[in-house]
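# Notes for the structure review
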Amino acid sequence: MPWTMDDYPASLKNLDKPVKKKAIEIANAMLDEGYEEGRAIPIATSQAKEWHDNASEKEVKDFMKNDDPTERDADASHSNPDLMDEAEEVVPHDDGWAVQAKDAKRPSQVFDNKQDAINRAKEIAANKETETIIHKKDGSVQKHS
């Protein structure tokens, strides 16, 4: 279940509100990509603190003004538990190369460079303990790994 500003891990309770909100956003994205909670929370916390340290006051205020991006609705592009056992694919996309779970309706990320997409797909597949399927520009399968 994705976390929100009203429902989050106890380890985030003492963080400043902007850091907490950013950590929740990052952790939810990591869970969507197949990370386990135990890994996602400390990584997200560290990245959120680094973001806050490097963000301008305006960036932080703008981030806090936006609706809670961690509130999910049924139409939001987020993880489908049924896809956790599916292979990660690198497929051609109008904007370059997409990384997505096999049979997913939408890609999780799109890259300009195919190698960047392959690297990301392999990382996600390793976290999910599934295989990676790399496609050619014509859509045919280039490689299974």
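The paragraphs below set out a description of the structure included in this document. (Residues numbered from 1 in each chain as written. Predicted model: local features only at pLDDT ≥ 70, side-chain atom pairs only at ≥ 80, totals over all residues. Heavy atoms only, no water.)

## Section: the sheet that holds strand E4 (residues 132–135)
Spatially, 5 strands are ordered E3-E2-E1-E4-E5 in an open sheet, and the strand pairing comes out mixed. Each edge of the open sheet carries a strand with a single partner, namely strand E3 (109–111) and strand E5 (141–144). Geometrically, the sheet is characterised by an average inter-axis angle of 25° between neighbouring strands, direction not taken into account. The sheet contact formed by strand E2 (residues 96–101) and E3 spans 3 bridges and is antiparallel. Bridged to valine 99 within E3 is glutamine 109. (Pairing = 2+ DSSP bridges. Helix = DSSP H or I, 4+ residues; strand = E, 2+ residues; numbered from the N terminus. Axes fitted to C-alpha atoms, helices over the stretch in contact; angles between N-to-C directions.)

## Observations regarding the packing of helix H2 (residues 37–54) against helix H3 (residues 57–65)
The interhelical angle for the contact between H2 and H3, taken along N-to-C directions, is 125°, at an axis separation of 8 Å. Comparing the axis directions of H2 and H3 gives the class oblique. Contacts between H2 and H3 involve Trp51, His52 and Asn54 from the former and Glu59, Val60 and Phe63 from the latter. Of the residues belonging to the contact of H2 with H3, the class tally is 3 nonpolar, 2 polar and 1 charged. (Parallel < 35°, antiparallel > 145°, perpendicular 65-115°, else oblique. Contact = heavy atoms within 4.5 Å. Nonpolar A, V, L, I, M, F, W, Y, C, P; charged D, E, K, R; others polar.)

## Focus on the packing of helix H1 (residues 17–32) against H3
Viewed as axis vectors pointing N to C, H1 and H3 meet at an angle of 65°, and their least axial separation amounts to 10 Å. The chirality of how H1 crosses H3 is left-handed. Side by side, H1 and H3 meet where Lys17, Pro18, Lys21, Lys22 and Glu25 of the first sit next to Val60, Phe63 and Met64 of the second. (Left-handed = near helix turned anticlockwise from the far one by under 90°.)

All we've got here are geometric facts, nothing functional implied.
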